[in-house]
Amino acid sequence: MAVPETANGTALRYAFGNVLSFFILLLIGVFAFSIRLFSVIKYESVIHEFDPYFNYRVTQFLTKNGIYDFWNWFDDRTWYPLGRVIGGTVYPGLTLTAGTIWWFVNSLNIPLSVETVCVFTAPIFSAFASWATYLLTKEVMGAGAGLTAAALLAMVPSYISRSVAGSYDNEAVAIFALIFTFYLYIKTLNTGSLFYATLNAIAYFYMVCSWGGYTFIINLIPMHVLLCIVTGRYSSRLYIAYAPLVVLGTLLAALVPVVGFNAVMTSEHFASFLVFIILHVVALAYYIKGILSPKMFKVAVTLVVSVGLVVCCAVVAVLIALVASSPTKGWSGRSLSLLDPTYASKYIPIIASVSEHQPPTWPSYFMDINVLAFLVPAGIIACFLPLSDASSFAVLYIVTSVYFSGVMVRLMLVLAPAACIMSGIALSKAFDVLTRSIKFQLPTLLGNSQVDAGDNSSGGVVAQNDAARIDKSEDKLRERPSKKNKKKEKENVEISSTKPKKEKRLLVLPMVASAIAIFLLVMLGAFYVVHCVWAAAEAYSAPSIVLTSHSPDGGLHVFDDFREAYAWLSHNTEVDDKVASWWDYGYQTTAMANRTVIVDNNTWNNTHIATVGTAMSSPEKAAWEIFNSLDVKYVLVVFGGLVGYPSDDINKFLWMVRIGGGVFPHIKEPDYLRDGQYRIDSEATPTMLNCLMYKLSYFRFVETDGKGFDRVRRTEIGKKYFKLTHFEEVFTTHHWMVRIYKLKPPKNRIRGKTKKSKSKASSTSSSKRSGTRKNPWH
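Residues numbered from 1 in each chain as written. Predicted model: local features only at pLDDT ≥ 70, side-chain atom pairs only at ≥ 80, totals over all residues. Heavy atoms only, no water.

Caption draft 1: Inspection of the overall build of the chain at higher detail. The number of helices and strands found in the chain is 35 helices and 13 strands. In the chain, which comprises 778 residues, the proportion classed as buried is 49%. Carbon together with sulfur atoms contributes 65% to the accessible area of the chain, which is approximately 37200 Å² in total. (Helix = DSSP H or I, 4+ residues; strand = E, 2+ residues; numbered from the N terminus. Buried < 20%, exposed > 50% of the residue type's maximum accessible area, 1.4 Å probe, protein only. Areas by Shrake-Rupley, 256 points an atom, 1.4 Å probe, with all protein chains shown as cover.)

Caption draft 2: Layout of the pairing of strand 3 (residues 547-550). Judged from the four bridges that link them, strand 3 and strand 4 (residues 556-559) form a sheet pairing that is antiparallel. Following the sheet pairing, His-550 is matched in strand 4 by Leu-556. The turn linking strand 3 back onto strand 4 is made up of five residues, and Gly-554 within it adopts a positive phi angle of 95°. (Pairing = 2+ DSSP bridges.)

Caption draft 3: Structural detail: the sheet that holds strand 13 (residues 738-743). Reading across from one edge, 6-5-7-13-12 is the order of the five strands in this open sheet, with mixed pairing throughout. Pairing within the sheet leaves two strands with one partner each, and these edge strands are strand 6 (596-597) and strand 12 (727-732).

Caption draft 4: Examining the nonpolar core more closely. Formed by 181 residues in total, the largest nonpolar core has its most connected members in Phe-182, Phe-562, Phe-627, Val-635 and Phe-727. Core analysis: the second largest hydrophobic core is formed by nine residues, Phe-54, Phe-61, Trp-73 and Ile-86 among them. (Core = buried A, V, L, I, M, F, W, Y, C linked by side-chain atoms within 4.5 Å.)

Caption draft 5: Summary view of the side chain of Ser-130. As for its position among the elements, Ser-130 is in helix 6 (residues 114-141). For Ser-130, a relative accessible area of 0% puts it in the buried group.

Caption draft 6: Region of interest: helix 28 (residues 586-593). Of all the eight residues making up helix 28, six are buried; the element is thus mostly covered by neighbouring parts of the structure. Of the residues making up helix 28, those classed as buried are Gly-586, Tyr-587, Gln-588, Thr-589, Thr-590 and Ala-593. Looking at the buried positions of helix 28, the neighbouring elements they touch are helix 3 (51-65), strand 2 (84-85), helix 27 (561-572), strand 5 (578-580) and strand 6. Looking one or two residues past helix 28, Asn-594 carries a phi angle of roughly 55°, positive in sign. (Contact = heavy atoms within 4.5 Å.)

Caption draft 7: Summary view of the pattern of salt bridges. On inspection of all chains with the given rule, the structure shows 22 salt bridges. Residues joined in a network through salt bridges with shared partners are Arg-162, Asp-169, Glu-171 and Arg-410. (Salt bridge = Lys/Arg side-chain N within 4 Å of Asp/Glu carboxyl O.)

Caption draft 8: Expanded view of the packing of aromatic side chains. Taken as a whole, this structure holds 36 aromatic pairs when the rule is applied. Where Phe-195 meets Tyr-196, the ring centres are 5.6 Å apart and the plane angle is 65°; that geometry is what we call edge-to-face. Members of the aromatic cluster, joined through ring pairs, are Phe-182, Tyr-185, Phe-216, Phe-393, Tyr-397, Tyr-403 and Phe-404. The lysine or arginine in question, Arg-658, covers the ring of Trp-655, its NZ or CZ lying 4.5 Å from the ring centre. (Phe/Tyr/Trp six-rings, centres within 6.5 Å; stacked < 30°, edge-to-face > 60°. Lys NZ or Arg CZ within 6 Å of the ring centre and 35° of its normal.)

Caption draft 9: Molecular detail of helix 3. Taking 1.5 Å per residue, 15 residues should reach 21 Å; helix 3 reaches 21 Å between its end C-alpha atoms and fits that length. Within helix 3 the residues assigned to the buried category are Pro-52, Tyr-53, Phe-54, Asn-55, Tyr-56, Arg-57, Val-58, Thr-59, Phe-61 and Leu-62. Looking at the buried positions of helix 3, the neighbouring elements they touch are helix 4 (67-71), strand 1 (74-75), strand 2, helix 5 (93-107), helix 6 and helix 28. Looking one or two residues beyond helix 3, the residue adopting positive phi is Gly-66, at roughly 95°. (Expected span 1.5 Å × (residues − 1).)

Caption draft 10: Main features of the environment of Val-730. Inspection of the secondary structure assignment puts Val-730 in strand 12. Residues Val-730 and Tyr-634, 96 residues apart in the sequence, show an inter-C-alpha distance of 9.0 Å. Residue contacts for Val-730: discarding those within four places in its chain leaves Trp-568, Tyr-634, Ile-740, Tyr-741 and Lys-742.

Caption draft 11: Unusual backbone geometry, seen in detail. Cis geometry is adopted by the peptide bond preceding Pro-81, which originates at Tyr-80 and carries an omega value of 0°. By the secondary structure assignment, Pro-81 is in the loop between strand 1 and strand 2. Residue Leu-385 is joined to Pro-386 through a cis peptide bond whose omega torsion reads -10°. Position of Pro-386 among the secondary structure elements: in the loop between helix 20 (372-383) and helix 21 (389-407). You will see that Arg-700, though not glycine, has its phi angle at about 65°, which is positive.

Right under this line is the structure:
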């Protein structure tokens with residue numbers, strides 16, 4: 001009767017454990033969603049940053065006009081006079097996801113606006129990402145590690161920075177797609193199921209639709225497959241996990257318009273094809289080995305390898321021929337920036353000018369992943385005990401993500417899931433050892449007899465051995481060692497079986513040490529939770545469009561200048577007026593002011609951006625001629641000198657010079673520097689003091705305090721009293737953060753009583769008629 005009772009007790013314990021795990025995962029999802037709502041609670045339900053405004057505008061168009069019009073939408077309000085084909089230049093995953101959610105909730109008669117759905121899409125998918133992390137870590141190291149990793153990811157600051165309510169960017173859904181694709185790959189690798197392999201290709205397709213970072217997947221998985229082949233861990237499961245992904249995944253990726261033939265023509269994808277060929281050569285060699293004698297196998301392997309080498313050489317030659325025709329060798333600018341961190345600063349200043357493309361500092365690691373940075377090494381060590389296919393993939397994932405995060409601060413987002421997985425494994429293993437040590441020694445501590453203690457300890461050892469057997473059986477499902485490894489394992493089992501039980505008891509840590517270690521780990525986790533909540537509430541919840549500051553007496557001051565300026569443009573300018581600004585503000589101007597812009601955050605045309613940068617770097621008359629040739633009516637500049645806002649256009653001005661000088665050689669950066677230093681005070685160069693950006697930023701600035709003291713640069717400006725001859729100020733926001741100027745028409749610049757020529761008269765009459773004509777873009 002003892003055996004059935006033990007079996008029933010074990011089944012009941014596992015059932016209770018599964019139910020408890022379900023409720024824990026549910027709570028983790030609720031927590032992941034809730035911790036990202038600080039921005040809505042503190043401010044309002046508003047879209048953040050710059051790119052999300054474009055995504056919101058596209059989603060509005062999708063829900064209003066349907067998916068077919070979305071694919072064929074030519075946007076004439078951007079990149080004037082070029083325009084932009086939206087359907088073929090965006091990753092549609094985020095837009096289609098939010099549009100589907102909006103359609104679903106409205107079909108249930110829940111009247112949610114498109115903006116509300118966009119605001120809460122990222123928090124919803126952060127819960128999904130936590131659950132996907134649980135599934136992935138469970139496949140690698142068990143359910144306990146999965147729950148820990150899911151809890152860590154739910155509140156890791158690096159992920160919160162891209163998924164707070166209102167952060168409606170591609171990464172909101174892409175991180176979930178990334179983790180879920182990795183999970184399905186490992187699941188296929190462990191089970192050999194073609195069903196999971198098909199789901200893996202579909203998940204990869206969703207990742208391709210969502211974010212350009214899909215190239216990380218299509219390079220990391222081939223690296224792992226090649227690692228398994230080199231270390232002698234090839235099997236049919238590896239083939240099933242990889243081959244359908246390359247074939248079906250590539251076909252599906254080519255269906256995304258923004259990717260198209262890049263899925264087979266760019267260097268980012270070539271590694272997957274080469275490994276695909278190598279995998280088939282190895283598979284053929286293993287197949288031949290099973291049907292031929294050893295002598296015939298040697299001959300056949302020589303033939304197969306020779307033919308394989310010839311095929312590989314032919315493929316490599318074709319790839320080299322394709323790559324050699326490209327000046328960047330088939331790589332995109334961002335990919336080359338990852339492989340060579342100095343490439344962007346040398347050749348593509350527009351990429352280097354983006355703050356999130358800069359290398360991170362050491363404090364940013366502590367800020368974004370906090371104590372996980374110290375737990376990752378322990379997790380890597382745990383993955384080698386024992387090393388399986390799944391754990392080797394986790395190690396490869398963390399190593400590559402650490403490198404890429406060190407090159408570009410934006411890719412800290414890719415490091416965060418890997419760090420959470422490794423930290424979850426480390427914490428789970430540590431708590432397992434420590435709690436088991438206390439469990440084995442607890443009967444003795446409670447004062448039982450020596451005999452009972454001995455029985456309990458021996459029973460504990462038996463229980464430990466049973467748990468070890470269960471863990472080993474689970475590990476065997478996950479790993480497929482080669483024959484050499486199998487022989488080594490048999491030898492190890494035989495040696496371990498001959499060891500006395502006393503040696504096994506030596507693995508149990510002392511009671512006091514275990515209790516202190518658990519206390520320290522709990523305190524470490526508490527410190528992590530406090531830091532994450534602070535980061536979510538203070539560091540990453542403030543929208544860039546609505547700024548706040550605290551006064552010395554603790555009061556909160558709100559700076560709503562951006563929306564004030566966009567509202568003025570919307571209500572006081574004509575529908576077809578063109579607004580010029582630096583590309584950072586293009587998406588917001590189009591979405592919030594509904595006005596045509598010259599450049600925006602897509603940055604697809606470097607020459608167009610260089611033209612705007614050249615105008616900002618030129619003297620007033622030359623700048624007027626450039627903007628007038630582009631049919632610009634208003635110029636918008638962001639200025640933070642009065643309130644101390646550091647991300648203004650004066651701080652970005654050198655990038656305008658560099659980008660403009662890259663296309664127009666007469667713009668030279670040394671002309672704007674004094675002895676290599678960037679200055680705006682009396683020591684600034686004449687070129688700097690007379691350029692358009694300086695004049696538009698500091699026009700009438702001396703009237704604010706009588707001195708013209710710039711609080712960002714912490715100095716008095718060099719040129720205080722000047723007038724504008726070709727531009728006129730039409731609006732300045734309450735805190736002087738956004739200033740809007742209007743180009744003066746040619747007639748206002750004519751001095752003296754001279755007769756107008758016919759051409760001028762005709763231009764004047766046409767300008768009068770332009771005020772009444774209909775918008776030609778509608």
